[in-house]
Amino acid sequence: MTTPTPSDDHLADFKAAATAIQGAERIALACHVNPDGDALGSMLGLAIALRSIGKHVDILSADGVPETMKFLPGSASVLRTSPIATYDLGIGMDAGDAKRMGPNTDTILGCPIVIDIDHHVTSGVFGNIRIVDGHRASTCELVYDLLVVLGIPLNPEIAQCLMCGIYTDTGGFRYPATTAGTFQIGAALRAAGANADAIVANVFENRTETAQRLLGRALVQMGRSDGGAIVWSVITLSDFAATGALDSETDGVSHALRSVRGAKVAILMREQASGGFRTSLRCSEGIDVSKVAAKFGGGGHRLASGCTVPAATGDEALRQVLDVLAEAGVH
Ligand SMILES: [Mn+2]
């Protein structure tokens, strides 16, 4: 089997990062707020590897570790903020933007050497050394390559953490960002002892009962344009009350709407107690929903964006979004 290694144009950055790591004794790692499987998996995988070569490593996550990620090896050692003031090296991971590390931003940026490891290529690259590659499906893939350059062997714990990030950021090797390299690294991690069953059980098949009931309700109430290109659902405050679900449990509804045969645009609207309808838009290639979100003061990416639509009723909110889509020729 071929061992994936960084492409030539990035190799110098990986080597610079490896040299900085080898020269450091105390290292801080930090990820973005509301951490996901890739943020935590990449930090924990790198931390376990660096501890194995004798480094002192603090793992900083402003929002701690969500329930669904507590199965990850090393997760009990994650700190919300730094207990000490100084490190030799700070590494921001999967952050998107330095500010998204929340209270840990200053800790990382205050280090004498700062490394940015990320596959988000938005505005916020930072640090003296940048391992930033928007063509990778996950930050964990970049950590895998860094460990190859460092010459640190995988063990089952490291492999499990990195595999978790790949699984969550690719939806289990399904999303378009998944490359041949993603599969190659996945194979190497599996061979090193990563347990994909545990990832599926903890991350994908570990939804709360209330979230599932809300998903059911959202699908029963689903609407569809005449040609079927637009699919939507509007979740009201009474839907939240009836199911006991929270707004944070609407994950997965957009995906279920997008999965309807023929759907090109999925609109999920959630009534907010503070007024208006928080709206997430998902679409397939060829449509740019960020322009729709921008009309309502929102933003995001071409294929996934969000905004809040001011309206007294769900019908009124939906009508406004459908009108903007119709102007763009989508109906
Ligand atoms: Mn990621």
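Residues numbered from 1 in each chain as written. Predicted model: local features only at pLDDT ≥ 70, side-chain atom pairs only at ≥ 80, totals over all residues. Heavy atoms only, no water.

1. Remarks on the coordination of the manganese ion
Tetrahedral coordination by four donors puts the ideal angle at the metal at 109.5 degrees, and octahedral coordination by six puts it at 90 or 180 degrees.
Thought 1: The coordination sphere of the manganese ion contains the protein donors Asp38 (OD), Asp94 (OD), His119 (NE2) and Asp169 (OD), at a distance range of 2.1 to 2.3 Å.
Thought 2: One chain supplies every donor for the manganese ion, spaced along it as D-x55-D-x24-H-x49-D. Separated by 131 residues along the polypeptide, Asp38 in helix 2 (residues 37-52) and Asp169 in helix 5 (residues 156-170) bring together distant segments of the chain. There is no split in this pair, since Asp38 and Asp169 are both buried. (Donors = N, O, S within 2.8 Å, 3.2 Å for Na, K, Ca; no water. Helix = DSSP H or I, 4+ residues; strand = E, 2+ residues; numbered from the N terminus. Buried < 20%, exposed > 50% of the residue type's maximum accessible area, 1.4 Å probe, protein only.)

2. With respect to the pattern of salt bridges
As a working rule, side chains carrying opposite charge can pair if their charged atoms are close by.
Thought 1: Evaluation of the coordinates by the stated rule reveals 11 salt bridges.
Thought 2: Between Arg270 and Asp247 there is a salt bridge, with its nearest N and O atoms 2.7 Å apart. Linking Arg270 in strand 9 (residues 265-271) with Asp247 in the loop between helix 9 (237-243) and helix 10 (253-258), this pair joins segments that are 23 residues apart in sequence.
Thought 3: Since its relative accessible area comes to 10%, Arg270 is described here as buried.
Thought 4: In this structure Asp247 comes out as partly exposed when scored by relative accessible area, which is 22%.
Thought 5: If you follow the salt bridges from partner to partner, you end up with Arg136, Glu141 and Asp145 in one network. (Salt bridge = Lys/Arg side-chain N within 4 Å of Asp/Glu carboxyl O.)

3. As for the domain arrangement of the protein
Thought 1: Once the domains are mapped, the protein shows domain 1 (8-204) and domain 2 (210-327).
Thought 2: Taking the mean C-alpha position of each, domain 1 and domain 2 sit 32 Å from one another. (Domains from an automatic or database assignment.)

4. Let's talk about the nonpolar core
Thought 1: Membership of the largest hydrophobic core comes to 55 residues, with the highest contact counts inside it found for Leu46 and Ile91.
Thought 2: By residue number, the principal contributor to this core is helix 2, which donates 9 residues.
Thought 3: When residues no more than four places from it in sequence are discounted, the contact partners of Ile91 are Ile21, Ile27, Ala28, Leu29, Ala30, Leu46, Ile108, Ile115 and Ile117.
Thought 4: Grouped together as the second largest cluster of nonpolar side chains are 24 residues, Trp232, Ile267, Ile287 and Phe296 included. (Core = buried A, V, L, I, M, F, W, Y, C linked by side-chain atoms within 4.5 Å. Contact = heavy atoms within 4.5 Å.)

5. Describing helix 7 (residues 196-204)
Structurally, the α-helix is built with 3.6 residues per turn, so residues lying three or four positions apart point the same way.
Thought 1: Among all positions in helix 7, only Ala196, Ala198, Ile199 and Val203 are buried. Projected down its long axis, helix 7 carries its buried residues within an arc of 150°, all on one side.
Thought 2: Tucked into the core, helix 7 has its buried residues touching helix 5.
Thought 3: For helix 7, the capping residue at the N-terminal end is Asn195, with a side-chain oxygen 3.1 Å from the backbone nitrogen of Asp197. (Arc of directions from axis to C-beta. Polar contact = N/O pair within 3.5 Å; in protein donor to acceptor, adjacent residues only side chain to side chain.)

6. Section: the environment of Gly96
Thought 1: As for its position among the elements, Gly96 is in the loop between strand 4 (89-93) and helix 3 (105-109).
Thought 2: Expressed as a C-alpha distance, the spacing of Gly96 and His120, which sit 24 residues apart in the sequence, is 5.2 Å.

7. Description of the pairing of strand 8 (residues 230-235)
Thought 1: The buried count for strand 8 comes to 6 of 6 residues, which makes it a mostly enclosed element.
Thought 2: On strand 8, burial covers both faces: Ile230, Trp232 and Val234 on one face and Val231, Ser233 and Ile235 on the other are all buried.
Thought 3: As paired strands, strand 7 (residues 223-224) and strand 8 are joined by 2 bridges and run antiparallel to one another. From the neighbouring strand, Gly223 faces strand 8, where its bridge partner is Trp232.
Thought 4: Taken together, strand 7 and the strand that follows it, strand 8, pair antiparallel across an intervening segment of 5 residues, in which Gly228 is found at a positive phi of about 90°. (Pairing = 2+ DSSP bridges.)

8. Here we look at the packing of helix 4 (residues 139-150) against helix 5
Thought 1: For the pair helix 4 and helix 5, interaxial distance at closest approach is 8 Å and the crossing angle is 145°. Every residue of helix 5 that contacts helix 4 at Cys140, Glu141, Val143, Tyr144 and Leu147 is listed here: Ile158, Cys161, Leu162, Gly165 and Ile166.
Thought 2: Here the residues of the contact of helix 4 with helix 5 sort into 8 nonpolar, 1 polar and 1 charged. (Axes fitted to C-alpha atoms, helices over the stretch in contact; angles between N-to-C directions. Nonpolar A, V, L, I, M, F, W, Y, C, P; charged D, E, K, R; others polar.)

9. As for helix 12 (residues 314-327)
Thought 1: A rise of 1.5 Å per residue sets the reference length of helix 12, with its 14 residues, at 20 Å; its end C-alpha atoms lie 20 Å apart and thus fit the reference within 8%.
Thought 2: Along helix 12, the residues classified as buried are Gly314, Ala317, Leu318, Val321, Leu322, Val324 and Leu325. Down the axis of helix 12, the buried side of the element spans an arc of 155°, and every buried residue falls inside it. Looking at helix 12, the residues exposed on the side facing more than 90 degrees away from the buried face are Asp315 and Glu327.
Thought 3: At the exit of helix 12 stands Gly329, carrying a positive phi of roughly 85°. (Expected span 1.5 Å × (residues − 1).)

10. Side note on the packing of aromatic side chains
Thought 1: Taken as a whole and assessed by the stated rule, the structure comprises 3 aromatic pairs.
Thought 2: Cluster of aromatic residues (ring-pair linked, three or more members): Tyr167, Phe173, Phe183 and Phe204. (Phe/Tyr/Trp six-rings, centres within 6.5 Å; stacked < 30°, edge-to-face > 60°.)

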